[in-house]
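So the chains spell out like this:
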Amino acid sequence: MEVRKVNGALLSNYEVLRVLKDRRRQKGKSFSGLEQNASTVGYEAVQYLKDTPAINQSPTTIANFLTAISSFALTKAEKLQLLNLRPETPVEIQLIVEESEERLTEEQVNHILTLIQAHLPAEATASSSSSSEPAQ
């Protein structure tokens, strides 16, 4: 994967994870003059993202989810946060969607939660992600 336009779009956690993993496979490329620091930051970011819903997502699941929630008047940033955070309660939706009480009915909030459960895989369990970590 190649970054074509810096600051060109918002990236989901899945996309960041994929870029970092691809970057690790291309060890010959430099992050600039700060290779060691960038490698550390990249490693820490991958370790963090392994414990998020991003580890179970794919381009297909993301596209299906975005299509499913397209009928709601949500901003790009709100859709991205729903994708990254995978909320499970109405309160979490209210924290993500600005002015959700005015913009969404209770039924719509519950429908969004149903769509999240249907289209986005559940978060990885702590035991499965810790067993896949490399030994240090």
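Residues numbered from 1 in each chain as written. Predicted model: local features only at pLDDT ≥ 70, side-chain atom pairs only at ≥ 80, totals over all residues. Heavy atoms only, no water.

Within the secondary structure, Q57 is located in the loop between α2 (35–49) and α3 (59–68). For Q57, the side chain forms a polar contact with the main-chain oxygen of L83, separated by 3.0 Å. The contacts of Q57, once residues within four sequence positions are left out, are Y14, I62, L83, L120 and P121. (Helix = DSSP H or I, 4+ residues; strand = E, 2+ residues; numbered from the N terminus. Polar contact = N/O pair within 3.5 Å; in protein donor to acceptor, adjacent residues only side chain to side chain. Contact = heavy atoms within 4.5 Å.)

Do not read the fine detail of predicted coordinates wherever pLDDT is low. The predicted model of the protein averages 81 in pLDDT, with 76% of residues at 70 or higher. Between residues 125–136, whose pLDDT stays under 50, and residues either more than four places distant or in other chains, the model counts 6 contacts. (pLDDT = per-residue confidence, 0-100.)

Bringing helix α4 (residues 76–85) into the picture now. Looking at α4, one finds that the buried residues are E78, L80, L82, L83 and N84. Buried positions along α4 lie against α1 (13–25), α3, α5 (90–96), α6 (100–103) and α7 (106–119). Directly after α4, the chain includes R86, whose backbone phi takes a positive value near 45°. (Buried < 20%, exposed > 50% of the residue type's maximum accessible area, 1.4 Å probe, protein only.)

The next thing to look at is unusual backbone geometry. The phi torsion at R86 lies on the positive side, around 45°, for a residue other than glycine. Checked against the element boundaries, R86 lands in the loop between α4 and α5. Judged by its relative accessible area of 8%, R86 is buried. A positive phi angle is found at E99, which is not glycine, with a value near 55°. Within the secondary structure, E99 sits in the loop between α5 and α6. The exposure class of E99 is partly exposed, given its relative accessible area of 49%.

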